[in-house]
Amino acid sequence: MEIWLAAGVAVLLSIYVVASFNRLVILRYRMRDAWSQIDVQLKRRHDLIPNLVNAVKGYMEHERSVLENVTRAREQAVAAGPDINARAAAESALSAATGKFLAVVEAYPALRASENMLALQEELASTENRIAFARQFYNDSVLEYNATRGTFPRNLLAAPFGFPAAEMFALDDPGQRAAPQVRV
Amino acid sequence: MTSSEETPNFAEPISAPPLGPVDRSSFFEQQERNRAATWRLSVVCVLAVFCTGMVLSLILAPPLYGLAILRLSLARRYGSVSPQLWRSFQAAGNTFVAVLQHFSNHPAPLPPLDIVLYTAIGILLPGMILQLLLWLGIRAMFLRAGAGGVLLTLGAREPRLEDLKEKKLVDVVEEMAIAGGLPSPKVKLLDSAAGNAAIVGSSRQDATLVISRRLVEELDRDELQAVVGHLIASAGNGDLRIAMTMVSVYQAFGLLDTLINAPFGPHARRALWRLLRMPFRMGDPADADEVSDWLTQGLRNSDKDDVTARMGRNKGCLSTLLLPVVIFNASLKLTMVVLSGLLFEPAAALLWRTRRYLADATAVQLTRNPDALANALQSLRECGGLIPGGKWASHLFIVGQEARGMPPEMARRVKEMRKSGVQPTRENMMNMALEAMAQENTSAMAGTRAARNDETLEGATGGGMVSLHPPLEKRLKRLQAQGAHYAAGGRRRKSLLAWVFLLVFLTPLVALSLAAVLAAVAVCILLNFFFVTMAFAVILAIVRLIP
């Protein structure tokens, strides 16, 4: 009798361990996928910005510095290494620069009304949103993963199976934390 | 995320302050709660279908066993049947007769309980298995076709990317798909005057978002994002599969009805032919909706019923011969309609409502902007409506019948009030509606009302007692709990007296009508049993007489 009981408990336990392991693996894959999604969206922005600058260069002779800022920020973002913090800083500098650029555009009625500019503005706004949402999804995935691996009794399994805690994609500088206001 | 400047400024006084404190809850809590409710209601749904199926198999038992006995006695006459099988059949029949005698006026001793139990299972089992097979088959057939394909035939078109508003829509859809970590659904536009949006398809990988152009016009970017977020969340939560499973119950009942009707009329045969042809027309999701329409037509209106029509055409001898079939068919149909209407439909509607709340809470998670969804729902109250012709898909829309669209003048005024930060109260709305009625030509209003009634073709799942969409007010209240700035219109609570009145007078009434309905079903079953067994006894006697 006792043997059967012990065997039953052992079977249940091993089912739980296998299920937990698989769940953690799925969550980790989702997290990695979310991370690569951020990369895709950042890359998209990098590709978009030269077009934007070219489209408005003619109209904005007086605001050369704003455009140069955007271009420089883009170059820095492209050049930023794999370190998360350095990249986050470069990307948020780029966000700030494009935000400033859009604010300046507001002062040029002819530019603001042009069809081309409206389309570009929409494209830029959407790109900013995509980055923000990709980051949000990544952070949600990290939250779920960390919560799953950190709660008892799974936290006993997480370390031996090799599931370290993951890091959220956060912005450090409080000044950068204010999201660029993109109005369409 | 763009923060909207259109959100009302709540430093200003609001005309109707919320009564009492708002119970705050995060969208995670709301999701948790609705997921748990989904489980509970799923169990209720399964039980409801099981009960209905059990009663139906009671009705199916006499003809099934009649056929089996006929087949066996023919085989015994002209060939060989294993004596063991024949004896067990006889034993089961004897037990059944003994049980009937026990309950009739001349009490006879009840056979041993376990034998009674086996007999009961034996009577119910064939019908249950038949229904289960029908359901599994039809579900497998329709799962591939997906839900709501009919919407794509209503003139849905691709978005025009040159048009800035439609480009914005496409962008918003992709943004929300990223936010949900889901593949981006296809986008189709309907040039309809009613503002509404739906998600159709067979799974989250194969989903199409259908949205009316009116909605793209009316909503700002944040609100559009919230609406799209709701629909994508719905697909991501697996609602499409749930919808198809719920509809497949009706389709299975319809198939059973069609199979019985098939020998007697062209209508059912054509429906069966369409069903058989369906797997070869996979490129056409609208075909599936048409087929399910055909299958369930006999359930919804009796003039589409072939057996009765045949009975009406042939007077005299033949119609008497058809009587058992007619009674069998009628009792089956009545039981299906009554029991599924009483048990399954309310449970399924409640389940679907829970899924709406869940999608709302998930949309808040995706957009992190409860205000946007609250504003969008309020806009939908002003400009929303059912898309005419989408009858097999009305449940897939973000709002249903509860958003019927206000008269244009009233919608404009309500919108103005809302945009200036004042919540229109219930009394305000009522007054405005009355004014609008008085202003417009009454006959013209009646005309549009009638037209609207024509349009409100809710699907087979939609005409029930419980609406498939939760009331907008309740959804807005839950969004308020998740942080939306919405002042719930002060709702007067029913007084104690009213409750007592309801309890004292309505409860017996409801109980009585329920009892009457169940009695009718029981009488139907008995009649069916009597006539069908009589018919088979006659046939059996004729078989015996033939040398």
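Look up: the structure comes first, before these words.
All of the points below concern the structure found in this document. (Residues numbered from 1 in each chain as written. Chains lettered and ligands numbered in written order. Predicted model: local features only at pLDDT ≥ 70, side-chain atom pairs only at ≥ 80, totals over all residues. Heavy atoms only, no water.)

### Points about the overall build of chain B
Now for step 1: The number of helices and strands found in chain B is 17 helices and three strands.
Now for step 2: Across chain B, contacts joining residues at least 24 apart in sequence account for 77% of those joining residues at least 6 apart.
Now for step 3: Counting only carbon and sulfur atoms, one obtains 66% of the accessible surface of chain B, whose full area is about 26500 Å². (Helix = DSSP H or I, 4+ residues; strand = E, 2+ residues; numbered from the N terminus. Contact = heavy atoms within 4.5 Å. Areas by Shrake-Rupley, 256 points an atom, 1.4 Å probe, with all protein chains shown as cover.)

### Some words on the overall build of chain A
Now for step 1: When you go through chain A residue by residue, the secondary structure sums to seven helices and zero strands.
Now for step 2: For 184 residues, the compact-globule formula gives about 16 Å, and the C-alpha radius of gyration of chain A, at 23 Å, lies well above that figure.
Now for step 3: Across its three principal directions, the C-alpha atoms of chain A cover 90 × 30 × 25 Å.
Now for step 4: In chain A, which comprises 184 residues, the proportion classed as buried is 39%.
Now for step 5: Look at the contacts in chain A between residues 6 or more apart in sequence, and 76% of them connect residues 24 or more apart.
Now for step 6: Of the roughly 10200 Å² of accessible surface on chain A, 61% is carried by carbon and sulfur atoms.
Now for step 7: Charge-centre separation for chain A: the mean point of 20 positive side chains lies 2 Å from the mean point of 20 negative side chains. (Rg over C-alpha atoms; globule rule 2.2 N^0.38 Å. Buried < 20%, exposed > 50% of the residue type's maximum accessible area, 1.4 Å probe, protein only. Lys, Arg positive; Asp, Glu negative; His and termini not counted. Charge placed at Lys NZ, Arg CZ, Asp CG, Glu CD.)

### Structural notes on the pattern of salt bridges
All names here are of chain B.
Now for step 1: In total, this model carries 28 salt bridges over all chains according to the counting rule given.
Now for step 2: A salt bridge links Lys-188 to Glu-158, with the shortest nitrogen-to-oxygen separation between them at 3.2 Å. Separated by 30 residues along the polypeptide, Lys-188 in strand S1 (residues 186-190) and Glu-158 in the loop between helix H3 (113-145) and helix H4 (164-180) bring together distant segments of the chain.
Now for step 3: With a closest N to O distance of 3.4 Å, Glu-473 and Arg-381 form a salt bridge. With a gap of 92 residues between them, Glu-473 in helix H16 (residues 472-481) and Arg-381 in helix H12 (residues 370-383) connect regions that are remote in the sequence.
Now for step 4: The exposure class of Arg-381 is buried, given its relative accessible area of 19%. (Salt bridge = Lys/Arg side-chain N within 4 Å of Asp/Glu carboxyl O.)

### Some remarks on the packing of helix H5 (residues 115-150) of chain A against helix H6 (residues 154-161) of chain A
Residues and elements named next belong to chain A.
Now for step 1: Orientation of H5 relative to H6, taken along the N-to-C sense of each, is 105 degrees, at an axis distance of 6 Å. Considering their axes alone, H5 and H6 lie roughly perpendicular with respect to each other. From H5, Thr-148, Arg-149 and Gly-150 reach across to H6, where they touch Arg-154, Asn-155 and Ala-158.
Now for step 2: Grouping the constituent residues of the contact of H5 with H6 by class yields one nonpolar, three polar and two charged. (Axes fitted to C-alpha atoms, helices over the stretch in contact; angles between N-to-C directions. Parallel < 35°, antiparallel > 145°, perpendicular 65-115°, else oblique. Nonpolar A, V, L, I, M, F, W, Y, C, P; charged D, E, K, R; others polar.)

### Here we look at helix H2 (residues 83-103) of chain B
All names here are of chain B.
Now for step 1: In this model H2 runs 31 Å from its N-terminal to its C-terminal C-alpha over 21 residues, within 8% of the 30 Å that 1.5 Å per residue would give.
Now for step 2: Considered for burial, the residues of H2 that qualify are Trp-86, Thr-95, Ala-98 and Val-99.
Now for step 3: Taken together, the buried residues of H2 touch helix H1 (27-78) and H3. (Expected span 1.5 Å × (residues − 1).)

### Looking at a nonpolar patch on the surface
All names here are of chain B.
Now for step 1: A cluster of nonpolar side chains, contributed by Leu-342, Leu-343, Leu-506, Leu-509, Val-510, Leu-514 and Leu-518, occupies part of the molecular surface with about 570 Å² of accessible area.
Now for step 2: Mapped onto the nonpolar patch, the elements with two or more residues apiece are helix H11 (317-367) and helix H17 (496-545).
Now for step 3: It is H17 that contributes the most residues to the nonpolar patch, five residues altogether.
Now for step 4: Here Leu-509 shows up in helix H17. (Patch = residues over 30% accessible without salt bridge, like charges linked within 9 Å, V, L, I, M, F, W, Y side chains within 5 Å.)

### Thoughts on the pairing of strand S2 (residues 197-201) of chain B
Residue and element names in this part refer to chain B.
Now for step 1: Counting buried positions along S2 gives five out of five residues, so the element sits mostly inside the fold.
Now for step 2: Burial along S2 is two-sided: the residues Ala-197, Ile-199 and Gly-201 and Ala-198 and Val-200 are all buried.
Now for step 3: By the bridge criterion, five bridges tie S2 to strand S3 (residues 207-212) in an arrangement that is antiparallel. Opposite Val-200, over in S3, you have Thr-208 as the bridge partner. (Pairing = 2+ DSSP bridges.)

### Describing the sheet that holds S1 of chain B
Residues and elements named next belong to chain B.
Now for step 1: A sheet is described by the order of its strands in space; here three strands give the open sequence S1-S3-S2, paired in mixed fashion. Two strands bound the open sheet, and with one partner strand each, they are S1 and S2. Across this sheet, the average inter-strand angle for adjacent strands is 25 degrees, counted without regard to direction.
Now for step 2: Sheet strands in contact with H4 are S1 and S3, and its direction is about 145 degrees off that of S1.

### Some words on the packing of helix H1 (residues 2-57) of chain A against helix H2 (residues 64-79) of chain A
Residues and elements named next belong to chain A.
Now for step 1: As a packed pair, H1 and H2 sit with axes 10 Å apart at the nearest point and diverge in direction by 165 degrees. Considering their axes alone, H1 and H2 lie roughly antiparallel with respect to each other. Here the hand of the crossing between H1 and H2 comes out left-handed. Between H1 and H2, the contacting residues are His-46, Ile-49, Pro-50, Val-53, Val-56 and Lys-57 on the first element and Leu-67, Val-70, Thr-71, Arg-74, Ala-77 and Val-78 on the second.
Now for step 2: Grouping the constituent residues of the contact of H1 with H2 by class yields eight nonpolar, two polar and two charged. (Left-handed = near helix turned anticlockwise from the far one by under 90°.)

### Topic: H2 of chain A
Residue and element names in this part refer to chain A.
Now for step 1: Its 16 residues place the ends of H2 22 Å apart at the C-alpha level, agreeing with the 22 Å of an ideal helix rising 1.5 Å per residue.
Now for step 2: Taken as a whole, H2 has its buried residues at Val-66, Leu-67, Val-70, Ala-73 and Ala-77. For H2, the buried positions fall inside an angular range of 125 degrees around the axis, keeping them on one side. Structural note: H2 exposes Gln-76 and Ala-79 on the side pointing more than 90 degrees away from its buried face.
Now for step 3: Among the structural elements, H1 and helix H3 (84-105) are those in contact with the buried residues of H2. (Arc of directions from axis to C-beta.)

### Thoughts on the nonpolar core
Now for step 1: Leu-169, Ile-211 and Leu-396 of chain B are the most contacted members of the largest nonpolar core, which totals 125 residues.
Now for step 2: The element that contributes the greatest number of residues to this core is H11 of chain B, accounting for 13 residues.
Now for step 3: Ignoring anything within four residues of it in the chain, the contact list for Ile-211 of chain B reads Leu-169, Lys-188, Leu-189, Leu-190, Asn-196, Ala-197, Val-216 and Leu-224 of chain B.
Now for step 4: Listed in part, the 23 residues of the second largest apolar core include Leu-48, Val-56, Leu-94 and Leu-102 of chain A. (Core = buried A, V, L, I, M, F, W, Y, C linked by side-chain atoms within 4.5 Å.)

### Observations concerning the state of the cysteines
Each disulfide is one covalent bond, formed between the sulfur atoms of two cysteines.
Now for step 1: Under the defined criterion, the tally for this structure stands at zero disulfides over all chains.
Now for step 2: Left unpaired, Cys-45 of chain B is separated from the closest cysteine sulfur, that of Cys-51 of chain B, by 12 Å. (Disulfide = S-S within 2.5 Å.)

### Some details on the side chain of Ser-92 of chain A
Now for step 1: Within the fold, Ser-92 of chain A resides in helix H3.
Now for step 2: Within the structure, Ser-92 of chain A has its side chain in polar contact with the backbone oxygen of Ala-89 of chain A (distance 3.1 Å). (Polar contact = N/O pair within 3.5 Å; in protein donor to acceptor, adjacent residues only side chain to side chain.)

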